[in-house]
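Listed below, chain by chain, are the residues.
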Amino acid sequence: MLTDRRPRVSIAHLPTPLEPLPRLTAHLGGPRLWVKRDDQTGLATGGNKTRKLEFLVAHALARGADTLITCGAAQSNHARQTAAAAAKFGLACTLVLRGEEPPQTQGNLLLDRWLGAKVVWTGDAPLVERLEEVTEELRADGRRPYVVPYGGSNPVGATGYVAAMEELLAQCARQGLHFDRIVLASSSGGTQAGLAVGARALGYAGRIMGISVDPKADALRHTLAGLATATAKHLELRPSFAPEDFAVEDGYLGGGYAVVGELEREAIHLVASTEGLLLDPVYTGRAFGGLLDLIRRGVFSPEERVLFWHTGGIAGLFARPDLV
Ligand SMILES: *Cc1c(COP(=O)(O)O)cnc(C)c1O
């Protein structure tokens, strides 16, 4: 395997299922839609960060860390999965979350509490600056913190998605399947960058399309190029990547990060009511909403096979009872 030489702990339930969406495909009149179920990675309601954490936690343990610290939004799926991974390996966990403590403890934040994480709110302070300060405070207290970057997106974390691409292609080979396109929600970039490195190394010929959840396309393409190049290097692979190597769609940013509009509501409702499959309000709802729009605009031919890579986030649904 491409990632064999990298230290890894076992957390995720792998391989995640690969499933067709026949009722939705019929409803839309094509393309032929499938889903890769990384919402089922198994760690405290699952999600894509679990694959990254298999490599990040191994790195933290190798360095003798006793605490994981990371940052994110109040409803961060990444923070919740980091808290769960810390608990599983007997590490303490500090989460630096943006803004003020909300009046209700629900969704991911509720799970952060059950998982025993300590939560620090940034107030008005910039997220990463506050993360650095709190890390220093932990050191001053005699702890050995390991900083998991925002979204788990550095070469160590993105390695999880290089392995995921290898997993998908092995599943496809076993089942005699091929996907013309892979569509996913993209934000801090580790997922899409890792998939791109795996795709290049293994000769996957289809196209990987990231639907941006918050960055503008230009900014995200630059992030992806840097991260994919660094990840390839981390794995002692040759390729380097340019921004033009990445397909990113930023037409669905709506009112901004975590502002849920009709696009997301319609997608969540349609997919749940035709397939019994849950999407989340912030990431996969937006990405699937974008995919539905692209389908309706005729971007795909009816015979094409399109794989939606479900990146999780289900716990976030329980923080938004107002959306139903
Ligand atoms: C973090 C997250 C993403 C985005 O993944 P990146 O690697 O940050 O681009 C997508 N979907 C869900 C549910 C997430 O939690």
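Use the structure listed above.
Every chain is numbered independently, its residues counted from 1 as its sequence is written. In view of the model being predicted, local features appear only for residues whose pLDDT reaches at least 70, and side-chain atom pairs are presented and counted only at 80 or more, with totals across whole chains, interfaces and linings using the full set of residues. For the side-chain quantities, the full set of heavy atoms in the structure was used; hydrogens and water were omitted.

### Some remarks on the environment of Leu-127
Stated formally: Here a helix means four or more residues in a row that DSSP labels H or I, a strand means two or more in a row labelled E, and each is numbered from the N terminus. For the exposure calls, accessible area comes from a 1.4 Å probe over protein chains only, and a residue counts as buried if that area is under 20% of its type's maximum, exposed if over 50%, partly exposed in between. What makes two residues a contact is simply this: any of their non-hydrogen atoms within 4.5 Å.
Counting through the fold element by element, Leu-127 comes out in helix H5 (residues 127–140). Residue classification places Leu-127 among the buried positions, given a relative accessible area of 8%. Linking Leu-127 and Gln-40, residues 87 residues apart in sequence, is a C-alpha distance of 29 Å. If sequence neighbours within four positions are ignored, Leu-127 has contacts with Cys-71, Gly-72, Val-96, Leu-97, Arg-98, Thr-122 and Tyr-150.

### Digging into the packing of helix H3 (residues 77–88) against helix H4 (residues 107–114)
Packed helices, taken two at a time, are described by their axes: the angle between them and the distance between them. Rules: Think of each axis as a best-fit line through the C-alpha atoms, taken over the contacting stretch in the case of a helix, with angles from 0 to 180 degrees between the N-to-C directions. Should an angle fall under 35 degrees it is taken as roughly parallel, and over 145 as roughly antiparallel, whereas 65 to 115 is taken as roughly perpendicular and any remaining angle as oblique. Note on convention: near helix rotated counterclockwise from far helix by under a right angle means a left-handed crossing. Clockwise means right-handed. Any residue outside Ala, Val, Leu, Ile, Met, Phe, Trp, Tyr, Cys, Pro, Asp, Glu, Lys and Arg is labelled polar, Gly included; the first ten of those are nonpolar and the last four are charged.
In the contact formed by H3 and H4, the axes pass within 9 Å of each other and the chain directions differ by 15°. Regarding the angle of H3 to H4, the classification is roughly parallel. Here H3 and H4 pass one another in a crossing that is left-handed. Taken together, the residues of H4 that come into contact with H3 (itself represented by Asn-77, Ala-79 and Arg-80) are Asn-108, Leu-111 and Asp-112. Taken together, the residues of the contact of H3 with H4 sort by class into two nonpolar, two polar and two charged.

### Here we look at the packing of aromatic side chains
In plain terms, the rule: Aromatic pairs are defined between Phe, Tyr and Trp rings, using the six-membered ring for Trp, whenever the two ring centres lie within 6.5 Å; interplanar angles under 30 degrees are classed as stacked, those over 60 as edge-to-face, and all others as tilted.
A full pass over the atoms with the stated rule returns five aromatic pairs. On the numbers, 5.9 Å between centres and 40° between planes, the contact of Phe-241 with Phe-246 is tilted. Neither residue differs from the other here; Phe-241 and Phe-246 are each classed as buried. Arranged with centres 4.8 Å apart and planes meeting at 65°, the rings of Phe-288 and Phe-308 form a pair that is edge-to-face. You can see Phe-288 sitting in helix H10 (residues 284–296) and its partner Phe-308 sitting in strand S10 (residues 305–310), a full 20 residues away along the chain.

### Structural notes on the site of the ligand
Inclusion rule: The criterion for a residue being near a molecule or strand is simple. One of its heavy atoms has to lie within 4 Å of it. Pairing of N or O atoms within 3.5 Å defines a polar contact, subject to two protein rules: one partner must be a possible hydrogen donor and the other a possible acceptor, and residues neighboring in sequence count only if both atoms are side-chain atoms. The Shrake-Rupley method, run with a 1.4 Å probe sphere, supplies the accessible areas, and residue values consider only the shown protein chains as cover. An automatic or database domain assignment supplies the start and end points of every domain.
Taken together, 17 residues surround the ligand, and among them Lys-49, Lys-52, Ser-188, Thr-191 and Thr-311 come closest. A distance of 2.5 Å separates an oxygen atom of the ligand from a polar atom in the side chain of Ser-188. Between the ligand and the protein, one listed contact pairs a nitrogen atom with a side-chain N or O atom of Thr-311 at 2.6 Å. For the ligand, whose unbound accessible area comes to 380 Å², protein coverage reaches 98%. For the shell around the ligand, the secondary structure elements donating two or more residues are helix H2 (49–62), strand S7 (181–186) and helix H7 (190–202). Classifying every residue of the shell around the ligand by side-chain character gives two nonpolar, twelve polar and three charged. Of the domains in this structure, domain 1 (18–47 + 154–323) and domain 2 (49–152) are the two that each give at least three residues to the shell around the ligand.

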